[in-house]
Amino acid sequence: MKMTMSIKQMKEIMENLKIITEEATLNFTSEGFSLSQVDPSHVCLITAEYDAANFEEFDCEEESAITFYVSVFLELMKGSKATDRLSVEWDSEGTHLSVTKGLLTKRIRRLGNPHAAVRLPELTLESILNVEAEWFEMAIKHASDVSALTNFRTTEEEFSITGESENGDISICLEVESGLEDEVISTFSCTYLKPVSKRIRMTVGKTTPIRIKYGSNLPLVVEYSSDIGRYSYFLAPRIDGDI
C-alpha cells in the first residue's frame, strides 16, 4: 500500500480522529480507505470513508489494516505548509509504515493487531435536520457555558439546543420545518460535543450544512462531508440515572 496526499488532507484525517482516540486503525482497499473508531469510554464513535480518487497517489493491491498512534502523524506534520506532500508506504514485512515528508523519512512501527470493525447500530431517528456548521458550534458553546449537559428539542417548527443550571438557562433556537407531529427531546454531554462541533466547523467550513439526526433518548448522529471524506459522528444520550 502506498499513498501520497497534501499535509492539509492528512491533518484533516488525523484531527478528526484525535477528538475520539489516540490509537486508530485505517482499513484499506483498492477503492480507498475507511475508519470506524470508538472512544475509550464507549460513549462516542466516528466513522469515515475516503475515496482513492481524492488523493494525488493511491495504490492498494490487497486489503489491509494499519493501527497507529494519531499523535505520531500530528507531530510529524508540525511546521509544514498545507500544500506540502506526505507519502505513506507499508513495508514488505508488514511491520512498519514509512512516512516521507520532503527529505525526511520516518519509519513507524505497526501497533499490534488491527482493531475489530465497530458494528454500527441500526437506528430509527425521528428528528433529521440540516444546520450550518457554525450555528451548531455556536449553540453548543453557549449551552456548555451554562451546563455540562445540553437538551436537544425538535418540534414541528423549531429546533433548540438548551443549557440549564441553578444559576439560569440559555436556549438557542432555529426555525425549521421538521415534519414532526410529536416533539423529540434528548440530552447529550457538552464535554463531548464542544470539541466535536469545533472540529466539524473546521473540517467543512462555517456555512456548510451538516445533518443532525436524533430521537428521544436515542443517540445523536452528525453527518458531514469535506473534499476528501464523508464522516458520521455518533454520541450516546444521557438518560436519567446515568452516572
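Description of the structure in this document. This structure is a prediction, so every number in the text was calculated from the model and none was measured.

1. Examining the nonpolar core
Within the largest apolar cluster, 66 residues are counted, with the highest numbers of intra-cluster contacts made by Met-14, Phe-33, Phe-73, Phe-136, Phe-152 and Phe-159. For this core, the element with the most residues is helix H3 (residues 133-146), which contributes six residues. Not counting residues up to four positions away in its chain, the partners in contact with Phe-159 are Leu-129, Val-131, Trp-135, Phe-152, Arg-153, Thr-154, Ile-172, Cys-173, Leu-174, Val-176, Ile-212 and Tyr-214.

2. Topic: a negative patch on the surface
Taken together, the side chains of Glu-126, Glu-156, Glu-157, Glu-175, Glu-177, Glu-181 and Asp-182 define an acidic patch exposed on the protein surface. In this structure, Glu-126 sits in the loop between strand E9 (104-109) and strand E10 (127-132). Given the relative accessible area of 42%, Glu-126 is considered partly exposed.

3. Points about empty space enclosed by the protein
Counting across every chain of the model gives two cavities of 30 Å³ or more. Size it by volume and the largest cavity reaches roughly 50 Å³. Considering the residues around the largest cavity, the lining is formed by Met-3, Met-10, Met-14, Leu-26, Phe-28, Ile-66, Phe-68, Phe-73, Val-88 and Leu-97. Mapped onto the lining of the largest cavity, the elements with two or more residues apiece are helix H1 (7-18), strand E2 (23-29) and strand E6 (64-69).

4. So, the sheet that holds strand E12 (residues 158-165)
To summarise the sheet geometry, strands pair through backbone hydrogen bonds and adopt either a parallel or an antiparallel arrangement. Strand order in this open sheet of four strands is E13-E12-E11-E14, and the pairing throughout is antiparallel. Since the sheet does not close on itself, it has two edges, and those belong to strand E13 (168-175) and strand E14 (184-189), each with one partner. The sheet shows a mean angle of 20° between the axes of neighbouring strands, direction not considered. Bridge count between E12 and E13: eight bridges; the pairing is antiparallel. Across the sheet, Ile-161 pairs through a bridge with Ile-172, a residue of E13. Contacting strand E11 (149-154), E12 and E13, H3 crosses the sheet at an angle of about 165° to E13. Its contacts with the sheet put helix H4 (residues 190-204) on E11 and E14, and the angle it makes with E14 is roughly 85°.

Cut-offs used in this document
- Residues numbered from 1 in each chain as written.
- Predicted model: local features only at pLDDT ≥ 70, side-chain atom pairs only at ≥ 80, totals over all residues.
- Heavy atoms only, no water.
- Core = buried A, V, L, I, M, F, W, Y, C linked by side-chain atoms within 4.5 Å.
- Buried < 20%, exposed > 50% of the residue type's maximum accessible area, 1.4 Å probe, protein only.
- Helix = DSSP H or I, 4+ residues; strand = E, 2+ residues; numbered from the N terminus.
- Contact = heavy atoms within 4.5 Å.
- Patch = residues over 30% accessible without salt bridge, like charges linked within 9 Å, V, L, I, M, F, W, Y side chains within 5 Å.
- Areas by Shrake-Rupley, 256 points an atom, 1.4 Å probe, with all protein chains shown as cover.
- Salt bridge = Lys/Arg side-chain N within 4 Å of Asp/Glu carboxyl O.
- Lys, Arg positive; Asp, Glu negative; His and termini not counted.
- Charge placed at Lys NZ, Arg CZ, Asp CG, Glu CD.
- 1 Å grid on protein atoms, 1.4 Å probe; cavity = no way out; pocket = protein on both sides within 12 Å on 5 of 7 lines; lining within 4 Å.
- Points joined across faces, edges and corners; volume = space filled by probe spheres on them.
- Pairing = 2+ DSSP bridges.
- Axes fitted to C-alpha atoms, helices over the stretch in contact; angles between N-to-C directions.

Distances and angles like these do not, on their own, reveal function.
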